[in-house]
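Descriptive structure summary
One letter stands for each residue in the lines below.
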Amino acid sequence: MRASLIQIDVNPYESVNSRRERVGSLIRELRSSDLVVLPELWTVGAFAYELFADEAETLRGTTARAMSEAARDAGIWLHAGSIPERGEDGALYNTSLVFSPDGELAHSYRKIHRFGFDKGEAVLMGAGSDLVTVPLPDLTLGLATCYDLRFPELFRGLVDAGAHAFVIPAGWPERRRAHWTLLARARAVENQAYVLACGTAGTHAGVPQAGHSVVVDPWGEVLAEAGPGEETLTVDLDPAKVFDIREAFPALKDRVL
Ligand SMILES: NC(=O)CC(=O)C(=O)O
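What counts, and where the lines are drawn
Residues numbered from 1 in each chain as written. Predicted model: local features only at pLDDT ≥ 70, side-chain atom pairs only at ≥ 80, totals over all residues. Heavy atoms only, no water. Pairing = 2+ DSSP bridges. Helix = DSSP H or I, 4+ residues; strand = E, 2+ residues; numbered from the N terminus. Axes fitted to C-alpha atoms, helices over the stretch in contact; angles between N-to-C directions. Parallel < 35°, antiparallel > 145°, perpendicular 65-115°, else oblique. Left-handed = near helix turned anticlockwise from the far one by under 90°. Contact = heavy atoms within 4.5 Å. Core = buried A, V, L, I, M, F, W, Y, C linked by side-chain atoms within 4.5 Å. Buried < 20%, exposed > 50% of the residue type's maximum accessible area, 1.4 Å probe, protein only. Phe/Tyr/Trp six-rings, centres within 6.5 Å; stacked < 30°, edge-to-face > 60°. Lys NZ or Arg CZ within 6 Å of the ring centre and 35° of its normal. Salt bridge = Lys/Arg side-chain N within 4 Å of Asp/Glu carboxyl O.

All right, on to the sheet that holds strand S8 (residues 165-169) then. Across the sheet, which stays open at both edges, the 6 strands sit in the order S6-S7-S8-S9-S12-S13 with mixed pairing between neighbours. On the outer flanks of this sheet lie strand S6 (133-135) and strand S13 (222-225), each paired with one strand and no other. Taken over all neighbouring pairs, the strand axes of this sheet differ in orientation by 15° on average, direction set aside. In the sheet, strand S9 (residues 194-198) pairs with strand S12 (residues 214-216) via 3 bridges, with the strands oriented antiparallel. If you follow Val 195 over to S12, its bridge partner there is Val 216.

So, in structure tokens, the structure goes:
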């Protein structure tokens, strides 16, 4: 199973429209992949709080339609990262969208743990509450977003719901890059699952982004890691590795809590 992570540059010199078109073209070049992943809030940048309301969209909005078409044209599963969603209740959410190869919006996930403590996303956006898994032909994905990476109980819940791989779009800042790679590997090892963590590049709202998107295998080994700039990372996953490792080293079966 081939997966590609597009680590998008979210510098504010590019308009949302232009970036959306550019990303659509990048996705269409990845026809040989089975799954393509984008980062968190890539239309606006995860720290551009003042843009969240202005650029918020519904799940049938411009970005969703563009991503649906790109997924269909490329014939791939597309985790289109997250967008600032304007919910039917009028609230904002940090919502990830997953499209099937025929362009259907198959799943959406509202970020559960909001970042910012008493400002930013934590006060501007509502919290999701639902765990979301995505059954693909060869393995099941569990969805999480950025700050969620710090909360292992979410990932255990996803494993209990059948996940073999976690997809984690993010807008992780450079100043906490050491945590990013460490946490990605920890979630992989403790859950014996692949981790596909796709971040952003560039600087927006004065926050340099870490880049360094990473794919970790269920043994905790880093299979591929991006640099700091815009880059597409492509890696072949072996779904059998999850089952083999869980059988050969059955730590998940020894849980007592
Ligand atoms: N931006 C986030 O959601 C999370 C983050 O920055 C962190 O360090 O955690």
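A word on the packing of helix H5 (residues 152-160) against helix H6 (residues 177-191). Where H5 contacts H6, the axes come no closer than 11 Å and their chain directions differ by 40°. In this view, H5 runs oblique relative to H6, as classed from their interaxial angle. Handedness of the crossing formed by H5 with H6: right-handed. Seen from H5, the contacting residues are Pro 152, Phe 155, Arg 156 and Val 159; seen from H6, they are Arg 187, Glu 190 and Asn 191.

The next point concerns the nonpolar core. Ranked by internal contacts, the top residues of the largest apolar core, which has 50 residues, are Leu 141, Phe 166 and Leu 196. At 5 residues, S9 tops the list of elements feeding residues into this core. Excluding residues within four positions of it along the chain, Phe 166 makes contact with Gly 142, Phe 155, Leu 158, Val 159, Arg 187, Asn 191, Ala 193, Tyr 194, Val 195 and Leu 196. Core analysis: the next-biggest nonpolar cluster, separate from the first, contains 20 residues, Leu 30, Leu 78, Ala 80 and Leu 97 among them.

A few words now on the packing of aromatic side chains. Taken as a whole and judged by the stated rule, the model has 10 aromatic pairs. Considering the side-chain rings of Phe 47 and Phe 115, the 6.2 Å spacing of their centres and the 85° angle between planes classify their relative orientation as edge-to-face. Here the residue Phe 47 occupies a position in the loop between strand S2 (35-37) and helix H2 (49-52), and Phe 115 occupies one in the loop between strand S5 (105-110) and helix H4 (121-124), the gap between them amounting to 68 residues. Both rings, one in Phe 115 and one in Tyr 147, keep their centres 5.0 Å apart while their planes meet at 70°; by these two values the pair is edge-to-face. Remark: Tyr 147 occurs in the loop between strand S7 (140-143) and H5 and Phe 115 occurs in the loop between S5 and H4; sequence separation between them is 32 residues. Tyr 147 shares its class with Phe 115; the two are buried. Through successive ring pairs, a cluster of aromatic residues spans Phe 47, Tyr 49, Phe 52, Phe 115, Phe 117, Tyr 147 and Phe 151. Cation over ring: Arg 110 sits above Tyr 93, and NZ or CZ is 3.7 Å from the ring centre.

Once that is clear, we can look at the packing of helix H1 (residues 16-28) against helix H3 (residues 62-74). Put simply, H1 and H3 touch, their axes get as near as 9 Å, and they point 20° apart. Classified by the angle their axes make, H1 and H3 are roughly parallel. Remark: the crossing between H1 and H3 carries right-handed chirality. Facing H1, whose interface residues are Arg 20, Val 23, Gly 24, Ile 27 and Arg 28, H3 presents Thr 62, Thr 63, Ala 66, Met 67, Glu 69, Ala 70, Asp 73 and Ala 74.

Inspection of every chain in the model, using the stated rule, returns 15 salt bridges. One salt bridge connects Arg 187 with Glu 190, and the closest N-O pair in it is separated by 2.4 Å. Linking Arg 187 with Glu 190, this pair stays in helix H6, spanning 3 residues, or about one helical turn. With relative accessibility at 28%, the residue Glu 190 sits in the partly exposed group. Through salt bridges with shared partners, one network takes in Glu 14, Arg 19, Arg 22 and Glu 230.

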